[in-house]
Amino acid sequence: MWLTSGSGGVKATITTSTTTATTTTTVTTATSTSTTATTTIATTTTTTTTTSTTTTTTATTTATTTACPSSFTGSLGYYNGGTAFGWTQFSNTYVATNTQPYLSFGMETDNHRFFYLDDVSVVDITVPGPQLLDNPGFENSTTIVNGWILEAAGCCNSNAVQISTTGCHSGTNCVQYQCGPEITYSFFGQYFTATISHTYNISYYLKDTGTGGQPTFCAVNVY
């Protein structure tokens, strides 16, 4: 401030100083970087499909059955049961004319007389081999004769062929033929595999029991 004296008064010079304060504000921005780690787990599912195939095989056997004749004879043997006899072996040869021959035992019986059959055998003698019959001695049987065919329709009832366990030729079982009281027929047999022109030995044991009543017969055939 200055004071100046002039005429009649005093001049004052006032100098004003303005101070400007500059404030500098520094803003610091902090940048934070966040890293996210993503883990991908791949799951593989394996599906196993199992296919089960069932094969059904149906075997059809066409059999020519023997009718009930008024009389019959046997190509291999014909036996009269008018007189009882004990276990006796009979043996025959047969030359095959087809590949599935049928061995048949035909019985004409009465309720007073019975035929018994045991130890049937069919073997190839041209080319020796094993037994060709199923259950030839009837041991694999209880109340029915397994492996054999009973053809009795119109001839005799289903009881014509029975399993006996008394007085058999060998083993435990044998077959008893029984029909009656009237004279009736029953046929009983089995197929076997053969080679045409081969010769086969067919053997069996028979026994005939009982007295009285009507005559009895046994006819043995191969068809």
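Residues numbered from 1 in each chain as written. Predicted model: local features only at pLDDT ≥ 70, side-chain atom pairs only at ≥ 80, totals over all residues. Heavy atoms only, no water.

Engineer: Describe the overall build of the protein, listing the residues and the values that go with them.
Structural biologist: Secondary structure summary: the protein contains 0 helices and 12 strands in total. Moving toward the C terminus, one meets the helices and strands of the protein in the order β-β-β-β-β-β-β-β-β-β-β-β. The 223 residues of the protein split such that 34% are buried. Across the protein, every contact between residues at least 6 apart in sequence was considered, and the portion connecting residues at least 24 apart equals 76%. Accessible surface for the protein amounts to roughly 14,000 Å². Of this, 52% is attributable to carbon and sulfur atoms. (Helix = DSSP H or I, 4+ residues; strand = E, 2+ residues; numbered from the N terminus. Buried < 20%, exposed > 50% of the residue type's maximum accessible area, 1.4 Å probe, protein only. Contact = heavy atoms within 4.5 Å. Areas by Shrake-Rupley, 256 points an atom, 1.4 Å probe, with all protein chains shown as cover.)

Engineer: With reference to specific residues and values, describe the nonpolar core.
Structural biologist: Nonpolar side chains tend toward joint burial in soluble globular proteins. Core analysis: the largest hydrophobic core is formed by 29 residues, its most contacted members being Leu103, Phe105 and Leu117. At the level of elements, β5 (102-109), β6 (113-124), β8 (161-164), β9 (174-177), β11 (199-210) and β12 (217-222) are the ones that each hand at least two residues to this core. What Leu117 contacts, discounting residues up to four positions off in sequence, is Trp87, Phe105, Phe138, Cys174, Val175, Tyr177, Phe188, Tyr204, Tyr205 and Leu206. (Core = buried A, V, L, I, M, F, W, Y, C linked by side-chain atoms within 4.5 Å.)

Engineer: Outline the sheet that holds strand β4 (residues 85-95), supporting the account with residue identities and numerical values.
Structural biologist: If you walk across this open sheet you meet the 5 strands as β4-β11-β6-β9-β8, and the pairing is antiparallel. The outermost strands of the open sheet, each flanked by one partner alone, are β4 and β8. Ignoring which end each strand starts from, the neighbouring axes of this sheet average 30° apart. Bridging between β8 and β9 involves 4 bridges; their strand directions are antiparallel. Looking across to β9, one finds that Ser164 is bridged to Cys174. (Pairing = 2+ DSSP bridges. Axes fitted to C-alpha atoms, helices over the stretch in contact; angles between N-to-C directions.)

Engineer: Tell me about the packing of aromatic side chains, and name the residues and values.
Structural biologist: Any pair of aromatic rings gets described here by the distance separating the centres and the angle formed by the planes. Enumeration over the complete set of coordinates arrives at 12 aromatic pairs. Between the aromatic rings of Tyr79 and Tyr204, the centroid separation amounts to 6.3 Å while the plane-to-plane angle is 75°, which identifies the pairing as edge-to-face. On the criterion of sequence distance, the pair formed by Tyr79 in strand β3 (residues 77-80) and Tyr204 in strand β11 is long-range, its members being 125 residues apart. Neither Tyr79 nor Tyr204 differs from the other in exposure class; each is buried. Every member of this aromatic cluster is reached through a ring pair, and the members are Tyr79, Phe90, Phe105 and Tyr204. Lying across the ring of Tyr116, Lys207 places its NZ or CZ 4.8 Å from the centre. (Phe/Tyr/Trp six-rings, centres within 6.5 Å; stacked < 30°, edge-to-face > 60°. Lys NZ or Arg CZ within 6 Å of the ring centre and 35° of its normal.)

Engineer: Provide a residue-level description of the side chain of Asp208, including the pertinent values.
Structural biologist: Its place among the elements puts Asp208 in strand β11. Under the relative-accessibility criterion, Asp208 is labelled buried at 2%.

Engineer: Break down the state of the cysteines for me, citing the residues and quoting the values.
Structural biologist: A full pass over the atoms with the stated rule returns 1 disulfide. Disulfide partner of Cys168: Cys174, at an S-S distance of 2.3 Å. Taking the torsion about the S-S bond as the criterion, the Cys168 to Cys174 disulfide, at about -70°, is left-handed. Of the two residues, Cys168 and Cys174, both sit in the buried class. (Disulfide = S-S within 2.5 Å.)

Engineer: Tell me about unusual backbone geometry, residues and numbers included.
Structural biologist: For residues besides glycine, phi is generally negative; the peptide bonds are generally trans as well. If you check the backbone angles, Asn135 has positive phi at about 55° while not being a glycine. Residue position: Asn135 is located in the loop between β6 and β7 (149-151). Here the phi dihedral of Ser197 falls at roughly 80°; this positive angle occurs in a residue that is not glycine. Structurally, Ser197 can be placed in the loop between β10 (184-191) and β11. Exposure remark for Ser197: the relative accessible area of 51% places this residue in the exposed category.

Engineer: Give a detailed account of the environment of Asp208, specifying residues and quantitative values.
Structural biologist: With 120 residues separating them along the chain, Asp208 and Thr88 place their C-alpha atoms 9.5 Å apart. Beyond its immediate chain neighbours, meaning those up to four positions away, Asp208 contacts Gly81, Thr83, Ala84, Phe85, Phe114, Phe115 and Thr216.

Engineer: Tell me about the side chain of Asn173, and name the residues and values.
Structural biologist: Residue placement: Asn173 occurs in the loop between β8 and β9. Among the polar contacts made by the side chain of Asn173, one reaches the main-chain carbonyl oxygen of Ser141 at a distance of 2.9 Å. (Polar contact = N/O pair within 3.5 Å; in protein donor to acceptor, adjacent residues only side chain to side chain.)

Engineer: Can you explain the confidence of the model for the protein? Please cite residues and give values.
Structural biologist: In the predicted model, the protein carries a mean pLDDT of 73, and 57% of its residues have values of at least 70. Summarising per-element confidence for the protein, the mean pLDDT is lowest in strand β1 (residues 2-6) (41) and highest in β4 (95). Low pLDDT, under 50, characterises residues 1-40; the predicted model gives this stretch 14 contacts beyond four residues in sequence or across chains. Low pLDDT, under 50, characterises residues 56-71; the stretch is placed with 16 contacts to residues that sit more than four places away or in other chains. (pLDDT = per-residue confidence, 0-100.)

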